[in-house]
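Residue strings, one per chain:
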Amino acid sequence: MATKRAYKFCFGPWNISEGADPYGPPTRPAQTFDWKLAKLKDLGFDAMMFHDDDAVPDLDAKSDQQVRREAKELKKKLDDGGIVAEIVAPRLWFDPRTIDGAYTSNDPKCRKYAIERSLRCIDVAKALDCDLIVLWLAREGSYIRESKNARQCVDYLVEAIDAMLAHDRKIRIAIEPKPNEPMDVAYVPTIGHALALSTLAADPKRVGCLIESAHAILAGLDPADEIDFACSFGKLWSLHLNDQNGLKFDQDKPFGSANLRVAFNQVRALERNQYGSRGEFVAFDVHPFRTTKVEHWADHLVNSRRTFLRLVEKARTFNESAARKLVADRNYAALDQMVLEHLMGK
Ligand code: GLO
Ligand code: MG
């Protein structure tokens, strides 16, 4: 099963965050984008993920020409550092026009803004030589059922996706589902929903998905099974590994931090499906603990990658033939213990 492949890693500027939460202010001073890029390079990561306005700050206030010029300047900076842009994602949850949703807002002017913003995001991606747009559909859902027409919202989502696909013939869209937060309930909560939605698009081949471990756990699902499911369709185009301690707020813990076995099974699923062999990256959508001191600011990223690589070794040294025998004998008690012993090591 295991082929000896190397993985490529990335993170986004938001993953070196300042520690603010709904109950308190930042605990670390903000760092510049250039500092974060230098850090990413120093740590030996291969790519950076971007929101459209991470790439071109204050995007809405700039002309198309200025947006393209700044995106080109960034591309040069990335090239100089030997770093590529893995994805660009439209940030559709900050602007006042996205208060009640972006593509699924009840206000047609707001829906129009969301689509226009997404097309500009594609222009940024093109300037960065990146063909993958990530849609985390943050506010596409409702706080109360009666506030929106969920049937109509599916049409709105398809309309937005089709506008994006038509804007550029080369781009692909990876939908990043999440069941809740900031919404009470989201319209695209799982990978199954994301892939079902892709079939309604004008060009389904160009619509796939991104799995985030914590989002699957928040939906009560196992991220390893989600990975296998998405890979069965050839649609896992990006990945946000992290961890989550049960059904709480989105914790974005270091990979493996809450449940090493769940992390091991995600790595096994990635190995089994040869994730990365078509150029896909492993991203860590993790945040430092609020208590983190400035001098330890990137440790959650380094640790996540280290845990990932150690689990790759664990997956590659797992005794598959012994496991198969136990499966054939339906001796799951022994198989269960075998997994635990393997993870605990000597
Ligand atoms: C939040 C999401 C978020 C996205 C990012 C890229 O829960 O995980 O971090 O991954 O905005 O679209
Ligand atoms: Mg994410």
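Residues numbered from 1 in each chain as written. Chains lettered and ligands numbered in written order. Predicted model: local features only at pLDDT ≥ 70, side-chain atom pairs only at ≥ 80, totals over all residues. Heavy atoms only, no water.

Within the chain, the regular secondary structure consists of twelve helices and ten strands. Compactness check: the chain gives a C-alpha radius of gyration of 20 Å against a globular reference of 20 Å for 346 residues, within 12% of the reference. Reported as C-alpha extents along the three principal axes, the dimensions of the chain are approximately 60 × 45 × 40 Å. Every one of the 346 residues in the chain was classed for burial, and the buried ones make up 55%. Carbon and sulfur atoms provide 54% of the accessible area of the chain, an area that totals close to 16,100 Å². Across the chain, 50 positive and 51 negative side-chain charges occur, with their mean positions spaced 4 Å apart. (Helix = DSSP H or I, 4+ residues; strand = E, 2+ residues; numbered from the N terminus. Rg over C-alpha atoms; globule rule 2.2 N^0.38 Å. Buried < 20%, exposed > 50% of the residue type's maximum accessible area, 1.4 Å probe, protein only. Areas by Shrake-Rupley, 256 points an atom, 1.4 Å probe, with all protein chains shown as cover. Lys, Arg positive; Asp, Glu negative; His and termini not counted. Charge placed at Lys NZ, Arg CZ, Asp CG, Glu CD.)

Now for the side chain of Arg139. Its place among the elements puts Arg139 in the loop between strand 4 (132-136) and strand 5 (141-142). Buried within the structure, Arg139 lacks any salt-bridge partner; Glu140 is the closest side chain of opposite charge, at an N-O distance of 8.8 Å. Polar side-chain contacts of Arg139 include one of 3.1 Å to the backbone oxygen of Trp93. (Salt bridge = Lys/Arg side-chain N within 4 Å of Asp/Glu carboxyl O. Polar contact = N/O pair within 3.5 Å; in protein donor to acceptor, adjacent residues only side chain to side chain.)

So, on to helix 6 (residues 191-200). Residue pairs three or four apart in sequence face the same way in an α-helix, which turns once every 3.6 residues. For helix 6, every residue scored as buried is listed here: Ile191, Ala194, Leu195, Leu197 and Ser198. Along the axis of helix 6, the buried residues cluster in a sector spanning 155 degrees; they form a single face. (Arc of directions from axis to C-beta.)

Further remarks concern empty space enclosed by the protein. Enumeration over the complete set of coordinates arrives at three cavities of 30 Å³ or more. Forming the walls of the largest cavity are Trp136, Leu137, Ala138, Glu176, Pro177, Lys178, Asn180, Glu181, Pro182, Met183, Ala186 and Val188. Residues of the lining of the largest cavity, tallied by class, amount to eight nonpolar, one polar and three charged. One number sums up the size of the second largest cavity: a volume of about 60 Å³. For the second largest cavity, the full set of lining residues is Pro177, Pro189, Thr190, Ile191, Ile211, Glu212, His215, Ala216, Ala219, Leu221 and Glu226. Residue assignment for the lining of the second largest cavity shows that the elements contributing at least two residues are strand 8 (207-212) and helix 7 (213-218). (1 Å grid on protein atoms, 1.4 Å probe; cavity = no way out; pocket = protein on both sides within 12 Å on 5 of 7 lines; lining within 4 Å. Points joined across faces, edges and corners; volume = space filled by probe spheres on them. Nonpolar A, V, L, I, M, F, W, Y, C, P; charged D, E, K, R; others polar.)

Here the magnesium ion (ligand 2) is held by the protein donor atoms Glu176 (OE), Glu212 (OE), His240 (ND1) and Asp285 (OD), which lie 2.0 to 2.2 Å from it. Here the donor residues of the magnesium ion (ligand 2) share one chain and are spaced in sequence as E-x35-E-x27-H-x44-D. With Glu176 in strand 6 (residues 172-176) and His240 in strand 9 (residues 236-241), the pair connects residues that are 64 residues apart, well separated along the chain. Just as Glu176 is buried, His240 falls in that class too. (Donors = N, O, S within 2.8 Å, 3.2 Å for Na, K, Ca; no water.)

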